[in-house]
Every structure is written in C-alpha cells, then in structure tokens.
Amino acid sequence: GDLLERLKSYSSTSETVKAISHLKIDVEQLILNTNQKVLKQEKRERKIFFDTIEQSPLTNEQSEAVISYDNRVQVIASAGSGKTSVMVARTAYAIDKGFVEPNKVLLLAYSKDAAVELEERINERLSVANIPSEGVKASTFHALGLKIIAHATGRKPRVAPWVKNHGNGIKEILRIVEQLRAADENFNLEWDMFRLVWGRPVDDKNPEGGIRDGYDRQNRRNGFKTTDGKIVKSHGERLICNWLWFHGVRYFYEKPFHVDTATVEHSRYHPDFYYPEIDSWHEHFGIDEHGRVSPEMESNGYLEGMEWKRQQHRNHSPNPLIETTFYDVVVRGDFSNLQHALESRGIVLNRDPQREPETNVALDDEDLANLIRTFMRHIKSNQLTKSDVETLSKDSRAHKFLKIFWPVLEAWNSNLRENNYVDYEDMLANAVVALEQGDYDPGFDLILVDEFQDTSRSRIRFVKALLRKRNQFLLTVGDDWQSIYRFAGADI
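Before going into details, it helps to say that this report is about the structure given with it. The model shown is predicted, which means the values in this text are computed figures rather than measured ones.

## Things to note about the overall build of the protein
In terms of regular secondary structure, the protein is built from 20 helices and 14 strands. A globule of 492 residues ought to have a C-alpha radius of gyration of about 23 Å, yet the protein, at 32 Å, is considerably larger. By its C-alpha atoms, the protein is 95 × 55 × 45 Å across when sized along the principal axes. Put simply, the protein has 492 residues, and 45% of those count as buried. Partitioning the intrachain contacts of the protein with sequence separation of at least 6 by distance along the chain shows that 72% fall at a separation of at least 24. As presented, the protein carries roughly 26,400 Å² of accessible surface, and 47% of it is formed by carbon and sulfur atoms. When the 66 positive and 75 negative side-chain charges of the protein are each reduced to one mean point, those points stand 4 Å apart.

## What about the packing of aromatic side chains?
Aromatic ring pairs are defined here through the distance separating the ring centres and the angle between the ring planes. Applying the stated criterion across every chain, the model contains 24 aromatic pairs. The interplanar angle of 55° and the centroid separation of 6.1 Å between the aromatic rings of phenylalanine 141 and phenylalanine 462 together place this pair among those described as tilted. Here phenylalanine 141, found in helix α8 (residues 141-153), pairs with phenylalanine 462, found in helix α20 (residues 457-466); they are 321 residues apart in sequence, far enough to count as distant. Judged by its relative accessible area of 0%, phenylalanine 462 falls in the buried class. Grouping aromatic residues by their ring pairs yields a cluster made of Phe49, Phe50, Tyr69, Tyr93, Phe99 and Phe473. It is arginine 46 that lies over the ring of phenylalanine 49; its NZ or CZ is 5.1 Å from the centre. Here the guanidinium or amino end of arginine 459 rests over the ring plane of phenylalanine 141, the centre of that ring lying 5.1 Å away.

## A word on the pattern of salt bridges
The full count for this structure, using the stated rule, is 30 salt bridges. For glutamate 185, the salt bridge identified is with arginine 351, shortest N-O distance 2.9 Å. On the criterion of sequence distance, the pair formed by glutamate 185 in helix α10 (residues 185-197) and arginine 351 in the loop between α15 (336-344) and α16 (365-381) is long-range, its members being 166 residues apart. For the salt bridge of glutamate 323 with arginine 310, the shortest nitrogen-to-oxygen distance reads 2.9 Å. With a gap of 13 residues between them, glutamate 323 in strand β11 (residues 322-325) and arginine 310 in helix α13 (residues 302-316) connect regions that are remote in the sequence. Through salt bridges with shared partners, one network takes in Glu54, Arg121, Glu124 and Arg125.

## Here we look at the sheet that holds strand β3 (residues 137-140)
Taken together, the five strands give an open sheet; going across it, the order is β1-β14-β13-β2-β3, and neighbouring strands pair in parallel fashion. Since the sheet does not close on itself, it has two edges, and those belong to β1 (72-76) and β3, each with one partner. Neighbour-to-neighbour, the strand axes of the sheet open up by a mean angle of 15°, direction not taken into account. Taken together, the four bridges between strand β13 (residues 446-449) and strand β14 (residues 473-478) define a ladder with parallel strand orientation.

## Quick look at the pairing of strand β6 (residues 221-225)
As paired strands, strand β5 (residues 214-216) and β6 are joined by three bridges and run antiparallel to one another. Bridging across to β6, aspartate 216 finds its partner in arginine 221. Once β5 ends, the chain turns through four residues before running back antiparallel as β6, passing arginine 220 with a positive phi of about 55°. Examined bridge by bridge, β6 and strand β7 (residues 231-232) share two bridges and lie antiparallel to one another. Residue lysine 225 lies in a different strand from β7, and its bridge partner there is isoleucine 231. Counting the residues in the hairpin turn of β6 and β7 gives five residues, including glycine 229, whose phi is positive at 90°.

Cut-offs applied
- Residues numbered from 1 in each chain as written.
- Predicted model: local features only at pLDDT ≥ 70, side-chain atom pairs only at ≥ 80, totals over all residues.
- Heavy atoms only, no water.
- Helix = DSSP H or I, 4+ residues; strand = E, 2+ residues; numbered from the N terminus.
- Rg over C-alpha atoms; globule rule 2.2 N^0.38 Å.
- Buried < 20%, exposed > 50% of the residue type's maximum accessible area, 1.4 Å probe, protein only.
- Contact = heavy atoms within 4.5 Å.
- Areas by Shrake-Rupley, 256 points an atom, 1.4 Å probe, with all protein chains shown as cover.
- Lys, Arg positive; Asp, Glu negative; His and termini not counted.
- Charge placed at Lys NZ, Arg CZ, Asp CG, Glu CD.
- Phe/Tyr/Trp six-rings, centres within 6.5 Å; stacked < 30°, edge-to-face > 60°.
- Lys NZ or Arg CZ within 6 Å of the ring centre and 35° of its normal.
- Salt bridge = Lys/Arg side-chain N within 4 Å of Asp/Glu carboxyl O.
- Pairing = 2+ DSSP bridges.
- Axes fitted to C-alpha atoms, helices over the stretch in contact; angles between N-to-C directions.

So, in structure tokens, the structure goes:
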C-alpha cells in the first residue's frame, strides 16, 4: 500500500520508472497479485449482489468481467452465454460502488429495439436491487450521433427520406442511375456491360474461374451458366459468351472442327467458338501474361495441346485462329483483341442491353443498385477514400464496378448536401467531427458497447471520440463467431 501511494505521487511515466528501478520487486507481478486479491474479496463480499442482480446468479466468469473495472475491457463470449447480463451488472456495480453517476452511463446498441430492451432491463434490475438508474442512457449509434451533431452545431440534421428504409435507398440509386445513363453514354455502356457481362464474381487466380453453377446434361459435366443459356467449361468462356451475346454476335460453342482429327492420341477436335458469318474459329487459352499455366495443367500436357490445336488451324483453316487468354479476359477484363479480330473480319457489333437474358447469370438494374448501396455502406462506414479503395481493388471486375460506383456515390452525396440531409453513415462521421473538432462533451464516463463484433471503422472512431477525457471507462461485449451487420460495413 505504501509503495502504491508513493508511485501515485510521481507525475510522469519516466519518473515512475526511475523511482522503482532500484527496487528489487516485480511490479507486474505485484499488480497481478493485488488484482487477484481484490477480485476474490469482491466476489466474496458481494456474493448476494452477483446472485441477485439478474434473475439468474452470475457465473464466476461473468462476475469477474464485472469486477475487472479497468479503463478498457473487452468481453468475448458465445451466443446465449450472458453478455447482456454482464452489461447490466457492470452498470449496477459501477453505480453502487460510486465509480460513476447514473447520468454518466451510456449503453450503445445496434438496433432501436435492442437499445429499448437494454434500458428497460437496466431500470428493472437496478430497481429490484435498490440502485438508482435514473439518467442511464441506452441508445443506438445513429440516434446518439444525431443528438451530438445537434448539440455541437446548434442544428439537428434531417435524415434523408430515401434512406429511412432499404427500399427507398435503392429507389434513389435507380433514380440517380437513370439520370447518369441519360447524360453520359459511356456510363450507360459501363452500367450495361457490368450487369450483363460481369455480374458474377470472378476468381482471377483460377483458370476455371471459380464455383460452377450449371450442369450440361448432354456432356454430363458441371460448368458455368452464360447469359444466353449455355453451360461452358470455364468462367473465362462464360465472360466471352456474355460479351458476344451482349454485342449480338452469332456463334457456336464447341462445334466439331470441320476436319475429323481423331487419331489414336486425339479425339475429335471441338474448338471453343465458331463464328459462321466469318468462317472463323476461336480458342480461349488458360495462360497468364507470360504464356504460363499452373503446374497441374502443365503436367497434363496443356501447352502441348495448345500447340497441337494451333497446328490444326494452320493446316486446315482458311482464316487464322482467333485466340484469347485467361490473363486478358479474366484478369484484365480486356476484350479489345477479340473485338479487333471480329470486326477486322467483317463482324458488326450490335450492342443491345434490352435483349432478354435466358438465365439468371445477368443482374437486373435493381440487383446492381442493391450491390451499389451495400458497397456504399461499406465505403462510408469504414471511411475509405477513393485512393484506399482503388488500392484495395485488384481484379478487373472490381475496377469495372468502380467505374459505375464513383459517379453514383458522387451524385448521392451531392443530393444530400443540396438538401441539407444526412444518411446513416454521415450521422456517425459528422458526429465524430463535432466531437474531435469542437468543445462539446456528451458527458459519459462509463460506456458499454453491445455486439462489438459488428463494429465498423466509423463506429470505432465514434467510440474513441466519446473517450477523449481522462478517467473514462469502456466495456465491450461481443461474439467473434458471429457477424450480423456485415452488410452494413461491420469489420471484425
């Protein structure tokens, strides 16, 4: 006790280190032992409190989580294990011990229903225990953000009417898209290309492209569905089929070669694509930018097979073989070589986005608007800049998506500013600015956060902004095996 009192008298860490450096004592072990003594004593002396503060007695672990009143405490526990009981008991314990006044306690929840339930439970259980609860505040992040902005600026912002429910947010994006399509032909093209050609995710490290989603009954094999109803062998071939369909190019998939090539070593040759209007064949090869293949493909003779196919066309085809590669089509998303080959031989591309797809591979306008809204939540919730996102996006599909995303986001934010509205993501960001740059203090000394696994970067920054003073305490509870709000930007 005397040692601890002496240490408290020193004003800086360096002075403290200097003061204890000559002592032959393990300070960390001293602190650990002292904490363990306090823990045992509190559990023994306040057993009735821990047995009655909730309807069921707290477990030993729950009691220790409540007593461990450090300035930053994180509780990780599984679903149904009583994390909420820890929040209720910690609130009651802190008030009863005199650590904090009731009006200095804040509980943050994700949904309005959860916040209401927390506040009701706090009032009920503290009332049973004869512990004052008047002034304890339970709130959602967004509701508190609005109040902070209002108090800090003197103006309560209005929530944009189109974000008050999910459907209206999508409708606003569709309205923005309609305006952009009418004003910008390039945006119009990029929008249709993405939803009709690039709609499905890509695995740009796998020449086959990812998970097969179709079954070819005739050839009895799993494959990849195309917009025009075919089942092909790789995602790269699917992209090519979608691109050809989008541009109105007539083709046959795996049509038998016009010369019977069957031998002892080779079966009948079926090139990937045939274009009857120009009597030309097309092979899509699974090679990288250096003409290499995976070790497995190489061991199966893929490169030798490529050369054999090329030789058949040199020997038997009037027109040179058209070639595309996995690297160009899937990794780079580049169809320029294919387009040049087709147009130079007389094919006229006829882009028709209104052509009715024969499968569900393509996205419709609402699907893509939904994807944009979800992505927007992640961008704004995690406060990512354009350069952050461009650095993170590695594959061609992401870059093509961003070409349509940025104009929509810019128009969305412009509409908010022009109408003096905020969306839910702005509520937190603006509240953080108000707290970090202003003198407003919401006045909370004990903050408890529920479902901490679903915290986004903006929520983390918001909580940090609430904890800018000395002698403030944070307790978070969460389950690292679940994530309910990932769609809204949560990042464990």
